[in-house]
Amino acid sequence: MPKVCQLFSGSSGNSIFVSSGGTKLLVDAGVSAKRIENALLDIGESADGLSAIFITHEHSDHIKGVRVLASRYGIPVFADGRVIEAMIRTGDVNDKVHTECVSSNTQLGGIEIIPFENSHDSAACLGYRINMKNDRSVSVCTDTGVITESAENTIKGSDLVFLESNHEVTMLQNGGYPYYLKKRILSPRGHLSNAACSEFAAQLIGSGTTRLVLAHLSRENNHPEIARQTTLSALNDAGFKEEHDFRLRVSAPVNCERAIVL
């Protein structure tokens, strides 16, 4: 059976494991290779079984372990061409890492990976919808200041969605971050707020999504229960009932749960 697990989430590092049949991949590898190896072992998997790593963008909390992991196990790395160029410039990939540009749908061992554009202050930023062999699908949409038309059109109808719920606006505005950083996070190329997340979440459940995982929460400007209640309230107001129409989870910075089986 296909299974999915957010291994790491947040500004300290991000990585999601996806498995369908014999095809296993990561979306991002934003902590050390050693930590990813151990996290995979914790859910009964191993890094030497990975078929690919798909990168959303080149910020360090998404690529920290890529070079070591990919070169150690010969794992191909897929990303937007501009992101690959940025990673080459910074040495986050080298000639020991096989990279491939993602510009359209990619077929990998019976899995279809569909990229979509997010809005973030990086060289480029992609989210991914992954259609599995059993007609189940999972989408990853984090690191975006707004829900783009590309994201909206691609994600809807996914069975499981990892959706950014980065900050509570009032906490950010009243917190200790410097002004320039607050402005960056709140911008259309920053991060998605709890309120924006909850609004899109209601559209997703209406489109057929049944499982929603809130991801990439800020430790300083959010709280898991605030993020959860914001989205839960929006879904309830839209007439949806938890455990009947949907299941809602919040990703911890480091995975402490079993993988989700689809």
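Residues numbered from 1 in each chain as written. Predicted model: local features only at pLDDT ≥ 70, side-chain atom pairs only at ≥ 80, totals over all residues. Heavy atoms only, no water.

Trainee: How should the side chain of Asn166 be read in this particular structure?
Mentor: Tracing the backbone shows Asn166 in the loop between strand S11 (160–164) and helix H6 (169–174). Reaching out from Asn166, the side chain makes a polar contact with the side chain of His167 at a distance of 3.1 Å. In this structure Asn166 touches Ile185, His191, Leu192, Asn194, Ala215, His216, Leu217, Ser218 and Asn222, once residues within four positions along its chain are discounted. (Helix = DSSP H or I, 4+ residues; strand = E, 2+ residues; numbered from the N terminus. Polar contact = N/O pair within 3.5 Å; in protein donor to acceptor, adjacent residues only side chain to side chain. Contact = heavy atoms within 4.5 Å.)

Trainee: Sorry if this is basic, but what is going on with the sheet that holds S11 here?
Mentor: Adjacent strands of a sheet form backbone hydrogen bonds with each other and so pair up, either parallel or antiparallel. Read from one edge to the other, the open sheet built from seven strands follows the order S7-S8-S9-S10-S11-S12-S13, with strand pairing classed as mixed. The open sheet has two edge strands with one neighbour each: strand S7 (106–108) and strand S13 (247–250). On average, each strand axis in the sheet is inclined to that of its neighbour by 20 degrees, with strand direction left out of account. Bridge count for strand S8 (residues 111–117) against strand S9 (residues 126–131) is six bridges, and the pairing is antiparallel. For Glu112, the partnering residue across the bridge sits in S9 and is Asn131. Helix H8 (residues 194–207) rests against S11 and strand S12 (211–215) of the sheet, and its axis sits at about 165 degrees to S11. Sheet strands in contact with helix H9 (residues 224–237) are S12 and S13, and its direction is about 155 degrees off that of S13. (Pairing = 2+ DSSP bridges. Axes fitted to C-alpha atoms, helices over the stretch in contact; angles between N-to-C directions.)

Trainee: I tried to follow the sheet that holds strand S6 (residues 99–101) on my own but got confused; where do I start?
Mentor: Across the sheet, which stays open at both edges, the seven strands sit in the order S6-S5-S4-S3-S2-S1-S14 with mixed pairing between neighbours. Because the sheet does not close on itself, it has two edges, and the strands there are S6 and strand S14 (260–261). Here strand S3 (residues 23–27) runs beside strand S4 (residues 52–54); their pairing, made up of three bridges, is parallel. From the neighbouring strand, Leu25 faces S4, where its bridge partner is Ala52.

Trainee: So what exactly am I meant to see when it comes to the environment of Gly10 here?
Mentor: Within the secondary structure layout, Gly10 lies in the loop between strand S1 (3–8) and strand S2 (15–20). For the pair Gly10 and Cys197, spaced 187 residues apart in the sequence, the C-alpha separation amounts to 15 Å. Leave out the neighbours within four places in its chain, and Gly10 touches Asp61, His216 and Leu217.

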